[in-house]
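Observations on the model geometry
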Amino acid sequence: MTTLSTEQVAHLTTMMDERFARELDEIRAVAARSRDERAQEALTGTLADRADQVLSEIATAADYAIVRQDIEDVRDIVAARRRLASGHYGVCVDCGEAIAYERLLAYPTAKRCITCQREHERRHAV
Ligand SMILES: [Zn+2]
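Remember, it's a predicted structure, so these values are computed and weren't measured experimentally.

Right, let's get into the overall build of the protein chain. In terms of regular secondary structure, the protein chain is built from 6 helices and 0 strands. Helices and strands appear in the protein chain in the N-to-C order α-α-α-α-α-α. Looking at the 126 residues of the protein chain, the share that counts as buried comes to 25%. Across the protein chain, contacts joining residues at least 24 apart in sequence account for 47% of those joining residues at least 6 apart.

Rendered as structure tokens:
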């Protein structure tokens, strides 16, 4: 269960919305510069509905190295919004414990508590 208050959730949602808009602008700017009509078309559509699909297409369609991180961030935000909608936001996907508000403030799209994240990174370290 999450222990976040309504106000805390609202604050984190605003943070994510602002970041979402900012990253999307960056992606759009790069798409515009690249003259990739397909990507531009995809980005001017109703992105919120099918963001995952569109972003996958863009990420694989061309060399968008500059915006790859932006795209990752946007996808993380889309996933976090989904967890918000389903009531799973702020809950660690590994252990089911609440993720600390301080951690979410620094990293609003976090899906693991700090303990599980460290363990996850340790296991996946190369
Ligand atoms: Zn955990």
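Right, let's talk about the environment of lysine 111 for a bit. Its place among the elements puts lysine 111 in the loop between α5 (101-106) and α6 (114-123). As a C-alpha pair, lysine 111 and aspartate 76 span 35 residues in sequence and 9.3 Å in three-dimensional space.

Ranked by internal contacts, the top residues of the largest apolar core, which has 19 residues, are Met16, Phe20, Ile27, Val74, Ile77 and Ile99. At the level of elements, α1 (6-34) and α4 (68-86) are the ones that each hand at least two residues to this core. With 7 residues, α1 is the largest single contributor of residues to this core. Once residues within four sequence positions are removed from consideration, methionine 16 is found in contact with Ile77, Ala80, Pro108 and Thr109.

Calculation criteria
- Residues numbered from 1 in each chain as written.
- Predicted model: local features only at pLDDT ≥ 70, side-chain atom pairs only at ≥ 80, totals over all residues.
- Helix = DSSP H or I, 4+ residues; strand = E, 2+ residues; numbered from the N terminus.
- Buried ≥ 20, exposed ≤ 12 C-beta atoms within 10 Å, placed from the backbone.
- Contact = placed C-beta atoms within 7 Å.
- Core = buried A, V, L, I, M, F, W, Y, C linked by C-beta atoms within 7 Å.

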